[in-house]
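Structural features, examined
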Amino acid sequence: MSVPISDGDLHEIENRAHSATPGPWYVRFLDDDAAANLVAVSTVPDDGEGSRWPEWEDREMVAATLVQFPMPYVAGPDDRWDENAAFIAHARSDVPLLVAEVRRLRALLENQHHDDGRSC
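The present account deals with the structure reproduced in this document. These numbers were taken from a predicted model, which means no experiment stands behind them. (Residues numbered from 1 in each chain as written. Predicted model: local features only at pLDDT ≥ 70, side-chain atom pairs only at ≥ 80, totals over all residues. Heavy atoms only, no water.)

**Thoughts on the overall build of the protein chain**
Each helix and strand counted, the protein chain has 2 helices and 4 strands in total. Along its sequence from the N terminus, the protein chain presents helices and strands in the succession α-β-β-β-β-α. Taken against the 2.2 N^0.38 rule, which gives 14 Å for 120 residues, the C-alpha radius of gyration of the protein chain at 20 Å runs more than 25% over that of a compact globule. Expressed as a percentage of the 120 residues in the protein chain, the buried residues total 21%. Working note: accessible area of the protein chain is about 8700 Å², and carbon and sulfur atoms make up 57% of it. Across the protein chain, the mean location of the 10 positive side-chain charges is 8 Å away from that of the 23 negative side-chain charges. (Helix = DSSP H or I, 4+ residues; strand = E, 2+ residues; numbered from the N terminus. Rg over C-alpha atoms; globule rule 2.2 N^0.38 Å. Buried < 20%, exposed > 50% of the residue type's maximum accessible area, 1.4 Å probe, protein only. Areas by Shrake-Rupley, 256 points an atom, 1.4 Å probe, with all protein chains shown as cover. Lys, Arg positive; Asp, Glu negative; His and termini not counted. Charge placed at Lys NZ, Arg CZ, Asp CG, Glu CD.)

**Section: the packing of aromatic side chains**
Under the definition given, this model contains 0 aromatic pairs. Directly above the aromatic system of Trp 25 lies the positively charged group of Arg 92, at a separation of 5.7 Å from the ring centroid. (Phe/Tyr/Trp six-rings, centres within 6.5 Å; stacked < 30°, edge-to-face > 60°. Lys NZ or Arg CZ within 6 Å of the ring centre and 35° of its normal.)

**Things to note about the side chain of Arg 92**
Relative to the assigned elements, Arg 92 resides in helix 2 (residues 81–119). Notably, Arg 92 is buried but unbridged: the nearest opposite-charge side chain belongs to Asp 94, and the N-O separation is 10 Å. Among the polar contacts listed, one links the side chain of Arg 92 to the backbone oxygen of Ala 17, at a separation of 2.8 Å. In this structure the side chain of Arg 92 is engaged in a polar contact, spanning 2.7 Å, whose partner is the backbone oxygen of Thr 21. Residues contacting Arg 92, with those up to four places away along its chain left out, are Ala 17, Ala 20, Thr 21, Pro 22, Gly 23 and Trp 25. (Salt bridge = Lys/Arg side-chain N within 4 Å of Asp/Glu carboxyl O. Polar contact = N/O pair within 3.5 Å; in protein donor to acceptor, adjacent residues only side chain to side chain. Contact = heavy atoms within 4.5 Å.)

**So, unusual backbone geometry**
Following Gly 23, the chain continues to Pro 24 via a peptide bond in cis, the omega torsion being 5°. Mapped onto the fold, Pro 24 is located in the loop between helix 1 (7–19) and strand 1 (26–30). Phi angles above zero are rare outside glycine, and Asp 79 is one such case at about 60°. Relative to the elements of secondary structure, Asp 79 occurs in the loop between strand 4 (72–74) and helix 2.

**A look at the sheet that holds strand 1**
Neighbouring strands of a sheet are bound in pairs by backbone hydrogen bonds; such pairs are parallel or else antiparallel. Judged by pairing direction, the sheet is antiparallel, and its 4 strands sit side by side in the order 1-2-3-4 without closing on themselves. The sheet terminates laterally at strand 1 and strand 4, the two strands that pair on one side only. Each neighbouring strand pair of the sheet contributes to a mean axis angle of 20°, computed without reference to strand direction. Taken together, the 2 bridges between strand 3 (residues 61–68) and strand 4 define a ladder with antiparallel strand orientation. Note on strand 4: the bridge partner recorded for Gln 68 is Pro 72. (Pairing = 2+ DSSP bridges. Axes fitted to C-alpha atoms, helices over the stretch in contact; angles between N-to-C directions.)

Structural measurements only, silent on function.
Shown next as structure tokens:
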């Protein structure tokens, strides 16, 4: 079911995006003795090396979708850690784009409404 997004809702979404760590964000595949096969969202691109700590800094990490050692303790309900990490990482840029598009379309509708009123 589609529910209209109020201007207040749109403002709150925009504020959450603005308040989050600046982007862009990237998916990183890391490894270390404490978080084997860590899948994380980071402010630094993945180097393809499966870096081990201390080669990566915790301050670069925004979120983790898989942390496991000796067993998974952050893994999600359905083992979609790579997909979830990609969604989170892309949300950093997707959400502001979507907010801007909603505002652009609303402005177009408002302008069309004003133009239609003048031609009557």
